[in-house]
Every structure is written in C-alpha cells, then in structure tokens.
Amino acid sequence: MTDRVDLHIQRWLPVLPDLDPDVEGAVTRMSFLTRHLRAVKDRALADLDLQEKEFGTLHALAGRGGRAAPSEIAADLGMAPASITARVDGLLRRDFVRRSPSTVDRRRVDVELTDAGRAAWLRAMDVVGG
C-alpha cells in the first residue's frame, strides 16, 4: 500500500538521488505526526477556552510550585524575558495569575497562579497532559 509519504519520496528521489528513502520517510512521518498532535492539542485546548501559549505559561508556573519570576518562566519556555509580559498580562485579565512582591528580592515581582489558574491548568492536564 502506498501512502502520501511514499509518494513524497517517489517525487523527490529523482531530484535528489542521494536521498535516503528510509531516513526521509521516517522524518516526514514524524513531521506529519507532530503537526497532527499539535492540531489535536490546539482543538482540545480551544474546547477548554485556552490557547496553547496560555496553557504553556500556566504549565511552567505549576511546575515551579505555582509561583515564579517572569525570567524563570521565560527560561522554562525558551523565550526572551520581555516576551513574558504580554502572556502574563493576558492571564491577569482572565484572573489565572496575579503579580506578587517577591519573597527573596524586594525589587522583583513574581507571577503566581490563582485558584482559577490552577483549575484551568488541571482541566487542561486532564485532556492534553504535559
């Protein structure tokens, strides 16, 4: 049985004669699977009225015991610290997080999960996992 990956390889092999069909097939199948899983996760989160970036931020906070500095969240998500501000602002508007003075550095403000934020994260975890 021929599938779309086989057709992909058949199309590219004459163009790239050194193409390893086994490697190309495995990589292409993984790419299709990754896109499929991302779409399934996005639909499941949408059903919970959450965007993936909101879930990711809540997940990072939950993984730090529910409280973290924005720079720690950014590091966990592989983002620039300045990029976290907009995410936190959106979660603040939804009452999923609050800003609190740091307990270790009075110049710093931490982000803390609210009960609503923890509940939203737990609902999403039931559906999509970590």
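Conventions used here
Residues numbered from 1 in each chain as written. Predicted model: local features only at pLDDT ≥ 70, side-chain atom pairs only at ≥ 80, totals over all residues. Heavy atoms only, no water. Helix = DSSP H or I, 4+ residues; strand = E, 2+ residues; numbered from the N terminus. Rg over C-alpha atoms; globule rule 2.2 N^0.38 Å. Buried < 20%, exposed > 50% of the residue type's maximum accessible area, 1.4 Å probe, protein only. Contact = heavy atoms within 4.5 Å. Areas by Shrake-Rupley, 256 points an atom, 1.4 Å probe, with all protein chains shown as cover. Lys, Arg positive; Asp, Glu negative; His and termini not counted. Charge placed at Lys NZ, Arg CZ, Asp CG, Glu CD. Salt bridge = Lys/Arg side-chain N within 4 Å of Asp/Glu carboxyl O. Pairing = 2+ DSSP bridges. Patch = residues over 30% accessible without salt bridge, like charges linked within 9 Å, V, L, I, M, F, W, Y side chains within 5 Å.

Draft legend 1. Main features of the overall build of the chain. When its secondary structure is counted, the chain shows six helices and three strands. Starting at the N terminus and walking to the C terminus, you meet the elements of the chain as α-α-α-β-α-α-β-β-α. In terms of C-alpha radius of gyration, the chain reaches 20 Å, well past the compact-globule figure of 14 Å for 130 residues. Taking the principal axes of the C-alpha coordinates as reference, the chain spans close to 65 × 30 × 20 Å. Within the span of the chain, comprising 130 residues, buried residues form 31% of the whole. Residue pairs in contact within the chain that sit at least 24 positions apart in sequence constitute 47% of those at least 6 positions apart. Accessible surface computed for the chain: about 8,400 Å², of which carbon and sulfur atoms make up 54%. When the 20 positive and 20 negative side-chain charges of the chain are each reduced to one mean point, those points stand 6 Å apart.

Draft legend 2. Region of interest: the side chain of aspartate 110. Relative to the helices and strands, aspartate 110 is located in strand β3 (residues 109–113). The buried category is assigned to aspartate 110, whose relative accessible area is 3%. Not counting chain neighbours up to four residues away, the residues in contact with aspartate 110 comprise Arg67, Ala68, Ala69, Arg98, Arg99, Ser100, Ser102 and Thr103.

Draft legend 3. Structural detail: the pattern of salt bridges. Taken as a whole and judged by the stated rule, the model has 13 salt bridges. Of the charged contacts, one joins arginine 29 and aspartate 3 as a salt bridge, the two residues approaching to 2.5 Å between their closest N and O atoms. Of this pair, arginine 29 sits in helix α2 (residues 21–47) while aspartate 3 sits in the segment before α1 (4–12); the two residues are 26 residues apart in sequence, bridging distant segments of the chain. Accessibility expressed as a relative area gives 37% for arginine 29, which makes it partly exposed. Between arginine 94 and glutamate 54 there is a salt bridge whose closest N-O contact spans 3.0 Å. With arginine 94 in the loop between α5 (81–93) and β2 (97–101) and glutamate 54 in helix α3 (residues 52–63), this pair connects stretches of sequence that are 40 residues apart. You can call arginine 94 partly exposed: its relative accessible area is 27%. Overlapping salt bridges bring together Arg67, Arg98, Arg108, Asp110 and Glu112 as one network.

Draft legend 4. Layout of the pairing of β3. Of all five residues making up β3, four are buried, and the element is well covered by its neighbours. Sheet topology places strand β1 (residues 67–68) next to β3; two bridges connect them, and they run antiparallel. If you follow alanine 68 over to β3, its bridge partner there is valine 111. The pairing of β2 with β3 spans five bridges and is antiparallel. In the sheet register, arginine 98 faces β3, and the bridge partner there is glutamate 112.

Draft legend 5. Examining a nonpolar patch on the surface more closely. A grouping of Trp12, Val15 and Leu16 is seen on the molecular surface, where their side chains present a nonpolar patch of about 280 Å² in accessible area. Looking at the element boundaries, valine 15 is found in the loop between α1 and α2.

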